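Each chain is listed here by its residues.
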Amino acid sequence: SPPPGSKVYRADVEMFLSRRRSNGHAAGAGSEDDAFDRGPDSVFSALSTMQADHINSAVAEVRQSGGKGIKNTNSALSNWDQVSYGLENRIAANGAFPLMLLASVTSFVLALFGVLWYRLSSDTAELVFGQDSVADGVFMAVQLITSASFTDIPDENGLRLLYFVQIFFGLVVFAILVGFITDAVSQFMNSLAAGRTKVAAHGHTLILGWNEATLRAVVQCSFLRRQYQMLNEGKFFGVLYYVPALVPLFKWLGLLERPSTSLAVSDIVIMDNSISKEEMHIRLAQTLAERGILPWRTKLGRNIICRVGNPTNVNDLIRVGAHRAAAILVMMTEHDTKEEDESGGRIFNGATLRTTLALRQVLFTNPYDEKKGVTVFPGLRIVLQMLHPSEYVDAACFVHPDGKDVVIPMDLSLFLNALMFKCAAQPGLSSILMSILDFEGSAIRRRKASNLRSGPNNAYGACVGQTFGTLRREFSTAIFIGIIRPSMPKKFIKRRGFGLCPDPHIVIEPDDLLIFIGPKSNPVHSHEMLDIFNGYIKEAERIRAANAETEKEHVTSWETSSKIKSNVLMCGWREVWNDHPERLHARIEEVVRMRLAGSTITFVNGVAQELFKRHMLEHGLIHEETIEEGGNTVSIFGYARGHKHEGVRLRHITGDAASAPILSPVIMKNTIHTAIVLGTQTTVRLGAHHRDTRVLNILLLLRKLWSIKREGVPMHIVGENNEDMTAQLALAPKRIGKIRTEPDFVNSQAVSARALVQTLAYPLIQPAISDLFQESKNSAEIVTVAAQEYVPLDTPLLYGVVRAMVLQTRDERSICIGILWRTGHPELLVPHDENVTLMKGDRLVLLRRILSSDIQNRVEAATTFARMWKDRAMRRAANNWAIPNGDSESES
């Protein structure tokens, strides 16, 4: 490259700047779309938007680096690899299989010897036993094998002695041979137990690494498999339920339903070197049994294959067929933590990034189909579980030839923290969010438009040419909440009305991905629902006209009606907040925007007063005063006069939240309505089990202090747990006269597993799902709102009418997905024909996108744009476009 200061260098810089200006990046010349999300200013934020490598250039780079372009000879599969892989999986799945195999082989060989004896002896002139029938020949063979003889030997000239000497010699030779065979079999069985044999699979789901979330990730994949199996078992009079061996035949005949993701039909392969294969099997068997996964649906050892190996080692990755996998999930956080500790906190995400580089090497030097020029498995996605934010992981990412991402890094700390603070701001939201991310029940799913059954004939692709608003009226047990157009760049998704809570006028195209919440991956369609829902719309319009005050109240109070005056206690600290304080303020905003003036947020943690003060001042807060409160030094911060959050104050106390002298004055001198309890702190790093123990200790301290104070004001607890048992052991503060219900726990490992598998199964809708946890302008959000904002109270209504009234609300795109009853019990996907009577205290669960002024000004243009798309789609439908064949939807 030219040196700085040279003419060539200056020309290159000027060319770059001119391109930026021509693309609308000059100061003051931003396009209208740029108002949605301005680019960050820091160099690290710029790096995070680095364009991923095109797969062809990435392949060329790997093959030219260090002469490592030679294909690994171990990447090919021999016939013996295929046979041994099948034998190993069956032996691992059934301990009696070796005996069954030995019996089968022995029976076959005896039958073969019997037939040969019959054919050969029948041509001899002398009388020989076995020459009359095949049955006699088999009987002869059995006796020869078991007793070594059948013919009578005369007692002359020592012939009988010589006969027995020969038999004994034969036994010795046979014993030696048996020893050799036994040793070979033992070595083979030991290699199976060690888990170091090759995986001869194609299109499988590969999990690299083992951590607390791995078992839960396998369970989520198993739920997808079970639902797809049950979907096909419901056809053809349940034949596949009773005879699952017919599944390959039905697949070959094209009679099976099209799966929504490869995870529903592929085997699961797990590899790590921190746990033995035997231990993997024991823990997996226990977890699958606890979650009700029947062994004959997902067989451990056959459908779930465990291997021992180093995920950062190229040879081990080839051994588990990484270059033939359809989906790869990297869960190396335990190794990341070990490297971070050993490096003194200087290396972050080290094992994860090294595994990513090793995968690049394997994929690019061992093409999936070299003859057809296919480098990686079509639709391959690699999801990385990141323990910390990384500013340079993008440099290792690459994309498919069509521009779709292959490598998808996921910083789940952001996801988890946002979830906890949302639950603190809106009690009851935790169980709702966890439910819609759990594939066991009514979860967020997606279908390609061409693979969705709808229309009067329940045919594939019948929705193409319809508007999204029309489509969502046709399904009785699923609620459609979004649409993604794969050919559209991510930055245009929200701007053009796609994503969650989309523009209902969007016309569906064959490749569009339709997002819905439902119990099955193939939603139940009923064409009669169209007329039924149209009736709900008419009824909703009549009720709205008769209750104009409901609409008026919503328009005037939707920004404040959900706000409350309450105080929040925050126990603990995230290490990432020290390096990225903007993330701390995003979480504070989650709570503050739902609070009225006079509310407080009290932080109790080990962060120094000056450091916390700097974090607050850098993000616009002002330091009001420092006071003494029961021996604690309390720094108080607030918002400037005229700020939308004026009157809400933040308090900070340096100390250990698990210490009674520190926490006691906070409880005794303040009314705390909500407590957020984290297991992490700024001074000490604890393991998952110890973090849970710390949470339990703080909850017990809160319970005791609350009992001593006897204030009678209920305290809402939001805690995090890594182990399922923690939520069952936790004791919340008491109320007077009765025990408070269990804390609102956020299971961090379950959240991680569900978010990772959701992205692995449906990577193209990941930007839309992550929109729920962002606070950017025009983002969609999941909220619970007072029912009176949308419907009249104390009035019996069909739930379908409630949904229709929410859809008709002006200046927003809202979709009602359930009800949070005043008892605290959430109910999602209420049947459309069920009568509900909403009362004060009941809340509606909504997916909502508020339409800001800049979007509202585009409504007319958007309507015209939608008509153009509809005309285009109708022309394509008229030309009899072809639905692609196959039993799987390719995400690419």
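Up top is the structure.
About the criteria used
Residues numbered from 1 in each chain as written. Predicted model: local features only at pLDDT ≥ 70, side-chain atom pairs only at ≥ 80, totals over all residues. Heavy atoms only, no water. Helix = DSSP H or I, 4+ residues; strand = E, 2+ residues; numbered from the N terminus. Buried < 20%, exposed > 50% of the residue type's maximum accessible area, 1.4 Å probe, protein only. Areas by Shrake-Rupley, 256 points an atom, 1.4 Å probe, with all protein chains shown as cover. Expected span 1.5 Å × (residues − 1). Patch = residues over 30% accessible without salt bridge, like charges linked within 9 Å, V, L, I, M, F, W, Y side chains within 5 Å. Salt bridge = Lys/Arg side-chain N within 4 Å of Asp/Glu carboxyl O. Core = buried A, V, L, I, M, F, W, Y, C linked by side-chain atoms within 4.5 Å. Pairing = 2+ DSSP bridges. Right-handed = clockwise from strand over helix to strand, strands pointing away. Contact = heavy atoms within 4.5 Å. Phe/Tyr/Trp six-rings, centres within 6.5 Å; stacked < 30°, edge-to-face > 60°. Lys NZ or Arg CZ within 6 Å of the ring centre and 35° of its normal. Axes fitted to C-alpha atoms, helices over the stretch in contact; angles between N-to-C directions. Parallel < 35°, antiparallel > 145°, perpendicular 65-115°, else oblique.

Asks: Help me out: how do you make sense of the overall build of the chain in this one?
Replies: Counting its secondary structure elements, the chain contains 30 helices and 28 strands. Looking at the chain as a whole, 50% of its 892 residues are labelled buried. Approximately 41,700 Å² of the chain is accessible, and the part contributed by carbon and sulfur atoms is 57%.

Asks: Looking at this model, I keep getting lost on helix α21 (residues 581-592). Mind explaining?
Replies: The periodicity of an α-helix, 3.6 residues per turn, causes residues three or four positions apart to be oriented the same way. In this model α21 runs 16 Å from its N-terminal to its C-terminal C-alpha over twelve residues, within 8% of the 16 Å that 1.5 Å per residue would give. Most of α21 is tucked away: nine of the twelve residues are buried. Along α21, the residues classified as buried are P581, R583, L584, H585, R587, I588, E590, V591 and V592.

Asks: Looking at this structure, I do not really get unusual backbone geometry. What am I missing?
Replies: When glycine is set aside, most residues are seen to have a negative phi, and most peptide bonds are trans. For F237, which is not a glycine, the phi torsion comes out positive at approximately 60°. Within the fold, F237 resides in the loop between α8 (214-233) and α9 (239-242). With a phi angle near 50°, C501 is a residue other than glycine that sits in the positive phi range. Among the structural elements, C501 can be located in the loop between β13 (499-500) and β14 (513-518). The exposure class of C501 is buried, given its relative accessible area of 1%.

Asks: Even after reading the chapter, I still don't get a nonpolar patch on the surface, so can you show me in this structure?
Replies: A cluster of nonpolar side chains, L101, V105, F108, V109, L112, F113, L116 and L120, forms an exposed patch at the surface whose accessible area comes to about 720 Å². Checked against the element boundaries, L112 lands in helix α5 (residues 97-121). Classification of L112 as partly exposed rests on a relative accessible area of 39%.

Asks: Explain the nonpolar core here, please?
Replies: Ranked by internal contacts, the top residues of the largest apolar core, which has 118 residues, are L514 and I782. Ranked by the residues each element gives to this core, the list is headed by helix α15 (residues 412-425), at nine residues. By size, the runner-up hydrophobic cluster in this structure holds 41 residues, among which are A52, I328, V362 and V376.

Asks: Sorry if this is basic, but what is going on with the pairing of β14 here?
Replies: Consecutive residues of a regular strand have side chains that alternate between opposite faces of the sheet. Along β14, six of the six residues are buried, which leaves the element largely enclosed by surrounding structure. Neither face of β14 is left uncovered, since the one carrying L513, I515 and I517 and the one carrying L514, F516 and G518 both have all their residues buried. Pairing of strand β9 (residues 443-448) with β14 involves six bridges; the strand directions are antiparallel. Its bridge partner being in β14, R445 is matched across the sheet by F516. The pairing of strand β12 (residues 479-484) with β14 spans five bridges and is classified as antiparallel. Bridge pairing in β14 links I484 to L513.

Asks: What exactly am I supposed to notice about the pairing of strand β20 (residues 674-677) here?
Replies: Covered by surrounding structure in β20 are T674 and I676 together with A675 and V677, the residues of both alternating faces. Bridge count between strand β15 (residues 568-571) and β20: four bridges; the pairing is parallel. Bridged to M570 within β20 is I676. Direction of pairing for β20 relative to strand β21 (residues 716-721): parallel, over a ladder of four bridges. Bridge pairing in β21 places I676 opposite V718. Once the chain exits β20 it traverses helix α24 (residues 688-709) before rejoining the sheet at β21, and the crossover so formed is right-handed.

Asks: For this particular structure, what's the right way to read the side chain of T214?
Replies: If you trace the backbone, T214 turns up in helix α8. Residue classification places T214 among the buried residues on the basis of a relative accessible area of 0%. When residues no more than four places from it in sequence are discounted, the contact partners of T214 are I207, G209 and M331.

Asks: Is there a simple way to explain the packing of aromatic side chains in this structure?
Replies: All chains considered together, the criterion is met by 14 aromatic pairs. An angle of 80° between the planes, with centres 5.6 Å apart, marks the rings of Y241 and W296 as edge-to-face. Linking Y241 in helix α9 with W296 in the loop between α11 (277-290) and β4 (304-308), this pair joins segments that are 55 residues apart in sequence. Ring geometry for F421 against W577: centres 6.1 Å apart, planes inclined by 70°, an arrangement best described as edge-to-face. Of this pair, F421 sits in helix α15 while W577 is found in helix α20 (residues 576-579), placing the two residues 156 residues apart along the sequence. Both residues of the pair, F421 and W577, count as buried. Through a chain of ring-to-ring contacts, three or more aromatic side chains come together here, namely F421, W573, W577, F603, F612 and F637. Directly above the aromatic system of Y460 lies the positively charged group of R258, at a separation of 4.0 Å from the ring centroid. Taking the ring centre of F492 as reference, the NZ or CZ of R496 above it sits at 4.4 Å.

Asks: Honestly, the packing of α15 against helix α16 (residues 429-436) in this entry has me stumped. Any pointers?
Replies: Each pair of packed helices can be described by the angle between their axes along with the distance between the axes. α16 packs onto α15 with a crossing angle of 140° between their chain directions and a minimal axis gap of 8 Å. When the interaxial angle is binned, α15 and α16 end up oblique. When α15 is examined against α16, the residues L419, K422 and C423 are found in contact with a partner set consisting of L429, S430, L433 and M434.

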